[in-house]
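Remarks on the overall topology
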Amino acid sequence: MRNYKLFLAAAAILAAASSCSEKVRVDGILTGAPESKVVFKKLAGGSMTVLDTVMTGSDGAYSYKMEVAEGQPEFVYVYSGDTKVASLLLKNGDKVKVSSDTKGNYTVEGSGESVKLKEVEDDFAAFMKDFSAAVEAEDGPAASRKYVEYYRSRVRYIMDNCKSLTSIPVLYQKINDDFPVFGQPTDAVHFRSVHDSLAKVYPASKYVSALGSEAEKRLNLLSIQQRLNAANEAGFPDAELPSIDGKKVKISDLDSKLILVYFWQASDAAQKMFNQDVLIPLYKTYHPKGLEIYSVSLDTDKGVWASAVRSQALPWINVCDGLGAACPAVGLYNISKGLPVAYMIDNGTLSPMTMSSENELRSTIASKLK
């Protein structure tokens, strides 16, 4: 009996292992290409790698099997010579039938994701045909309209199919090398959104991992662009955050000769003492001469911040959005080191301040407000 139980346990383990490594089968017909080579390629690291080459029979039929790990679908493309005759998105256990001709026309059955991938490619081909016709006719307005319509349709697609891997090639579509469909800086948000949705469904997918890296890169570029835009408009990174009474205060709206943009945390006793011992005396002396302090709290507990502001009777502008390190001003001012951190805005010119020395801080302010 004991041996029988061990046999059943081993059989169950083998069955589970077999299920996890179940092969995908592709049966195809390539019309007009008897006894010819069909090449299977896999998308890997942004380029194609050859998986295998199979021969068609006298009737153009071929068959191919490959292993696809559970939860890690593969983008696989079938070629006859230089012509792509099928685009497939294969998951563990798929049994797919493909019917193609040597011109690249094909149909696919047995794989829902492959059917959707074909629809994605067909939509792009139709758009490119219309867009190219408008460009060749030198009809700029029509070309722009075609692009905007297609871009909006793709945004709808990735929103409706955010849990389908077919959203990934949509995000990477290009009209040409210098004109990606999703080429606006703010499209970084779409990359992140699709990645976050797919990561819940396919956490082990290399395609999802690569999309996450791309999303991070694009979000960093977007952050830099936003800082540059803010600097170009105001001469310094502008911020608009809620004050103690809930009203938003914008740095560029302050009418002062000198502005100290000050980042701190009310939950830190030493920083509260710095307010009391250093900043309040400085403010009382130089506020009448044109100094203003725009004090940004990076506390996540707004109650702690509000209590400190009231108990210390801090007389300058105090703002806090409760987001801590995620506060937009952190990115705008590139705050990466320990608090407190401060910048001085003097006639639109931004310069960092040394907060470790009270004498140097007082000296700098005094020199600006003679």
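These figures come from a predicted structure and were not determined experimentally. (Residues numbered from 1 in each chain as written. Predicted model: local features only at pLDDT ≥ 70, side-chain atom pairs only at ≥ 80, totals over all residues. Heavy atoms only, no water.)

The next thing to look at is the pattern of salt bridges. For the structure shown, the criterion picks out 11 salt bridges. Close ionic contact of E121 with K84 constitutes a salt bridge, the shortest N to O distance being 3.3 Å. Of this pair, E121 sits in helix α2 (residues 112-136) while K84 is found in strand β6 (residues 83-90), placing the two residues 37 residues apart along the sequence. Among the residues examined, E121 registers a relative accessible area of 23% and is labelled partly exposed. On the accessibility criterion, K84 (30% relative accessible area) is partly exposed. When the shortest N-O distance is used, the salt bridge between D123 and R154 registers 3.5 Å. Of this pair, D123 sits in helix α2 while R154 is found in helix α3 (residues 140-160), placing the two residues 31 residues apart along the sequence. Each member of the salt-bridge network shares a partner with another, and the members are R192, D196 and E216. (Salt bridge = Lys/Arg side-chain N within 4 Å of Asp/Glu carboxyl O. Helix = DSSP H or I, 4+ residues; strand = E, 2+ residues; numbered from the N terminus. Buried < 20%, exposed > 50% of the residue type's maximum accessible area, 1.4 Å probe, protein only.)

Along helix α8 (residues 302-311), the residues that are buried comprise W305, A306, A308 and V309. What you see down the axis of α8 is that its buried residues fit within an arc of 160°, all on one side. Opposite the buried face of α8, by more than 90 degrees, sit the exposed residues R310 and S311. The opening residue of α8 is D301, an N-cap whose side-chain oxygen sits 2.9 Å from the backbone nitrogen of G303. Phi for A313, located one or two positions after α8, is positive at around 50°. (Arc of directions from axis to C-beta. Polar contact = N/O pair within 3.5 Å; in protein donor to acceptor, adjacent residues only side chain to side chain.)

This paragraph deals with unusual backbone geometry. Here L339 and P340 are connected by a cis peptide whose omega angle stands at 0°. With respect to the secondary-structure elements, P340 resides in the loop between α9 (328-332) and β16 (341-346).

Overall, R154 belongs to the buried group, its relative accessible area being 6%. Of note is the side chain of R154, whose polar atom sits 3.2 Å from the side chain of S153. Not counting residues within four places of it along the chain, the set of residues in contact with R154 comprises D123, V170, Q173 and F182. (Contact = heavy atoms within 4.5 Å.)

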